[in-house]
Amino acid sequence: MLEGWLKPMRDANVDTIVLGCTHYPLVKNAIEKVMGRTITFVESADGVTNRLLCLLEQKGKLHDGEAVLKLFATGPIKTEIIHNILGEKFSVRMLNSLQ
């Protein structure tokens, strides 16, 4: 999957990639492997996380307990990819556009 997405960038000798989704840092190593060289990454995950923590604190909604991960998708998803990335098996709840 990454091969198809990254081939045009590799062919154009791209050296910097913007990771626009918060889950993309999970595949940084795989991206560099497909690209065949060291890549400079610009990540949005830290900024989104910090903003979320700030908003939760303002609303008095910070929770210091055990985290619970719930996964949702709006289309087909290969759950084995989730297992490979996170190292655990998780169920994915499918949502339609009206939910």
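Note that the structure is a prediction, hence the values are computed from the model and not measured.

## What about the overall build of the protein chain?
- Each helix and strand in the protein chain was counted, giving 4 helices and 4 strands.
- For the protein chain, the C-alpha radius of gyration of 17 Å lies well beyond 13 Å, the compact-globule estimate for 99 residues.
- The principal-axis extents of the C-alpha atoms in the protein chain amount to approximately 50 × 30 × 30 Å.
- Taking all 99 residues of the protein chain together, 13% fall into the buried category.
- Long-range contacts, defined as pairs at least 24 residues apart, comprise 35% of the intrachain contacts of the protein chain with a sequence gap of at least 6.

## Quick notes on the layout of surface pockets
- Estimated volume of the largest pocket: approximately 1300 Å³.
- Among the secondary structure elements, those contributing two or more residues to the lining of the largest pocket are α1 (2–11), β1 (16–19), α2 (28–35), α3 (45–58), β3 (71–73) and α4 (79–86).
- The class makeup of the residues in the lining of the largest pocket is 28 nonpolar, 4 polar and 1 charged.

## Things to note about the environment of Ile-82
- Along the chain, Ile-82 falls in helix α4.
- C-alpha of Ile-82 to C-alpha of Gly-20: the two residues are 62 residues apart in sequence and 19 Å apart in space.

## Structural notes on the pairing of β1
- Residues Ile-17 and Leu-19 point to one face of β1 and are all buried, whereas Thr-16 and Val-18, pointing to the other face, are not buried.
- Bridge count for β1 against strand β2 (residues 40–43) is 4 bridges, and the pairing is parallel. Paired with Ile-17 across the strands is Phe-41, a residue of β2.
- Read as a crossover between parallel neighbours, the route from β1 over α2 to β2 is right-handed.

Conventions we followed
Residues numbered from 1 in each chain as written. Predicted model: local features only at pLDDT ≥ 70, side-chain atom pairs only at ≥ 80, totals over all residues. Heavy atoms only, no water. Helix = DSSP H or I, 4+ residues; strand = E, 2+ residues; numbered from the N terminus. Rg over C-alpha atoms; globule rule 2.2 N^0.38 Å. Buried < 20%, exposed > 50% of the residue type's maximum accessible area, 1.4 Å probe, protein only. Contact = heavy atoms within 4.5 Å. 1 Å grid on protein atoms, 1.4 Å probe; cavity = no way out; pocket = protein on both sides within 12 Å on 5 of 7 lines; lining within 4 Å. Points joined across faces, edges and corners; volume = space filled by probe spheres on them. Nonpolar A, V, L, I, M, F, W, Y, C, P; charged D, E, K, R; others polar. Pairing = 2+ DSSP bridges. Right-handed = clockwise from strand over helix to strand, strands pointing away.

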